[in-house]
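What follows is each chain in one-letter form.
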Amino acid sequence: METWLAATYATLHFPNNAVCFLFIQILNTLFIHHHYKDTIKTMKILQNILTKLTPMILVGSIIFSSCETPIDIDYIDFEPYAVVSVHGNTDTMVNMRLTYSRWFLSEQEFTVINNANANLLVNGTESISGFYNSADKRYYFDSYIPQSGDKLDLSVNIPDHEQITASCIVPHKPEISSFSFDTTYQYNTISQIEFVLHDNHSEDNFYMLELFYLYEDYYDSTTISMEPIYFSIDDVTLVDPMDLESMIEGDYSVYTRRFVFTDSKINGENHKIKMDINDYYWPNGGILKISALTEDEYLYLVSRERAYNNNDFFAEPVQVHTNISNGIGIFSVANTLYQSFDPNYYQ
């Protein structure tokens, strides 16, 4: 039987022994089960197919054989950076997460630094020491709540590490007026929030918009939680110049959970802002958060978003912004205005 198959195989002149190995096994199985006619017919079909595929197989073999040498990317022993993360606000105590950076291919958890001496200097006079909370692995600065205009200087001392420093000035709280909520019923339900933002002309301002709905805990009605609401904004005066092309092409008007912008084109104006929402059913109402950011926080959020969405293989890598000396990360405090609303009130 094997001799017959070999002779038949040689007669039909299959172009590539290695590629045909699997097909010969199939033919062998057919022959064993006495499907002689099926075997001959199958071999004829395979001959035609392989004759046509031979050029493609050869080209593919050349291409992939040039990439056969494996490249082992070993762990590189490098000196890790201290990473500072402070995203404060004027309604909470300032807290800091402090970790070491890691090799980007590592699957280990970030190493938390719990033996640092942290200090926060407020307006050059009040010194506040930070204490480490092992429960959530963060440093807290006593009971200090930031105020508008406060100048904050952070210093962190880690054993065998240069002193880490950073600073920021707490921005002033945003001002709005003429808040309204409206819902239209057509092919689908679309809600829209409108308000007027009063921008301070005497300084550069950076803003972030967020929207949340409130809901009661299923097991405890006294517990109210917040979940983000996705919205879109089509306003050319608020869009970063780097995103204008996407907006013109119609790709920018996507729903997002946060929107950051500057006052570069609305400086000193009373600017009307519209937020479109494709959902409106919130029995417990919602909250609009308008945050005034530091410039460092704005640059950090924008660069982080672009780095995360940088899917072009040929694009230049995006450097995430940092304002930490002798380390990396962000130290910033925002000032947030909360505007609550009840959609049912506007029905």
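Everything that follows concerns the structure shown earlier in this document.
A brief report on the enclosed structure follows. Computed from a predicted structure; not experimentally measured. (Residues numbered from 1 in each chain as written. Predicted model: local features only at pLDDT ≥ 70, side-chain atom pairs only at ≥ 80, totals over all residues. Heavy atoms only, no water.)

**Looking at the overall build of the protein**
A count of helices and strands for the protein gives five helices and 16 strands. Of all 347 residues assigned to the protein, the portion counted as buried reaches 34%. Once local pairs closer than 6 in sequence are excluded, the contacts in the protein between residues at least 24 apart make up 63%. Only carbon and sulfur atoms are counted for the fraction: they give 53% of the accessible area of the protein, which is about 21600 Å². (Helix = DSSP H or I, 4+ residues; strand = E, 2+ residues; numbered from the N terminus. Buried < 20%, exposed > 50% of the residue type's maximum accessible area, 1.4 Å probe, protein only. Contact = heavy atoms within 4.5 Å. Areas by Shrake-Rupley, 256 points an atom, 1.4 Å probe, with all protein chains shown as cover.)

**Observations regarding the side chain of Asn 205**
As for its placement among the helices and strands, Asn 205 is situated in the loop between strand 10 (189-198) and strand 11 (206-216). Judged by relative accessible area, which is 11%, Asn 205 ranks as buried. In this structure the side chain of Asn 205 is engaged in a polar contact, spanning 3.0 Å, whose partner is the side chain of Asp 199. Among the polar contacts listed, one links the side chain of Asn 205 to the side chain of Asp 263, at a separation of 3.1 Å. Aside from chain neighbours lying at most four places away, what touches Asn 205 is Asp 199, Asn 200, Phe 261, Thr 262 and Asp 263. (Polar contact = N/O pair within 3.5 Å; in protein donor to acceptor, adjacent residues only side chain to side chain.)

**Examining the sheet that holds strand 8 (residues 164-169)**
Strand order in the open sheet formed by four strands is 4-3-7-8, with antiparallel pairing between adjacent strands. Sheet topology places strand 4 (126-129) and strand 8 at the edges, where each strand pairs with a single neighbour. For this sheet, the mean inter-axis angle between neighbouring strands, taken without regard to orientation, is 20°. (Pairing = 2+ DSSP bridges. Axes fitted to C-alpha atoms, helices over the stretch in contact; angles between N-to-C directions.)

**As for the pattern of salt bridges**
A full pass over the atoms with the stated rule returns three salt bridges. Across the salt bridge formed by Lys 151 and Asp 153, the nearest N and O atoms sit 2.9 Å from each other. Glu 194 is the partner of Lys 272 in a salt bridge, and the nearest nitrogen-oxygen pair spans 3.9 Å. Taken together, the residues span a long stretch of sequence, with Lys 272 in strand 14 (residues 270-277) and Glu 194 in strand 10 at a distance of 78 residues. For Lys 272, a relative accessible area of 47% corresponds to the partly exposed category. Glu 194 gets classed as buried once you look at its relative accessible area, which sits at 19%. (Salt bridge = Lys/Arg side-chain N within 4 Å of Asp/Glu carboxyl O.)

**Observations concerning helix 5 (residues 295-308)**
The terminal C-alpha atoms of helix 5, which comprises 14 residues, lie 20 Å apart, in line with the 20 Å expected from a rise of 1.5 Å per residue. Where helix 5 is buried, its residues meet strand 1 (82-89), strand 11, strand 13 (258-262), strand 15 (286-293) and strand 16 (328-341). (Expected span 1.5 Å × (residues − 1).)

**Observations regarding the packing of aromatic side chains**
When we look at a pair of aromatic rings, we describe it by the centre distance and by the angle of the planes. Taken as a whole, this structure holds eight aromatic pairs when the rule is applied. On the basis of an interplanar angle of 40° and a centroid distance of 5.8 Å, the ring pair of Phe 179 and Phe 341 is categorised as tilted. With Phe 179 in strand 9 (residues 175-185) and Phe 341 in strand 16, this pair connects stretches of sequence that are 162 residues apart. Classification of Phe 179 by relative accessible area gives buried; the value is 17%. Three or more aromatic residues joined by ring pairs form one cluster here, namely Phe 179, Phe 181 and Phe 341. Its guanidinium or amino end placed over the ring of Phe 110, Arg 102 lies 4.1 Å from that ring's centre, counting from NZ or CZ. (Phe/Tyr/Trp six-rings, centres within 6.5 Å; stacked < 30°, edge-to-face > 60°. Lys NZ or Arg CZ within 6 Å of the ring centre and 35° of its normal.)

**Some points on unusual backbone geometry**
In this structure, Asn 123 is a non-glycine residue whose phi angle is positive, near 55°. One non-glycine residue, Lys 137, lies in positive phi territory at about 60°. The topology assignment puts Lys 137 in the loop between strand 5 (131-133) and strand 6 (138-140).

**Observations regarding the pairing of strand 4**
Across four bridges, the pairing between strand 3 (residues 117-122) and strand 4 is antiparallel. Bridge assignment links Asn 119 to a residue of strand 4, and that residue is Ser 129. Between strand 3 and strand 4, which follow one another and run antiparallel, lie three residues, and Asn 123 among them has a positive phi close to 55°.

**Some remarks on the pairing of strand 3**
Alternating positions in strand 3 separate cleanly, Ala 118, Leu 120 and Val 122 being buried on one face and Asn 117, Asn 119 and Leu 121 remaining unburied on the opposite face. The sheet contact formed by strand 3 and strand 7 (residues 151-157) spans six bridges and is antiparallel. Counterpart to Ala 118 in the pairing with strand 7 is Val 156.

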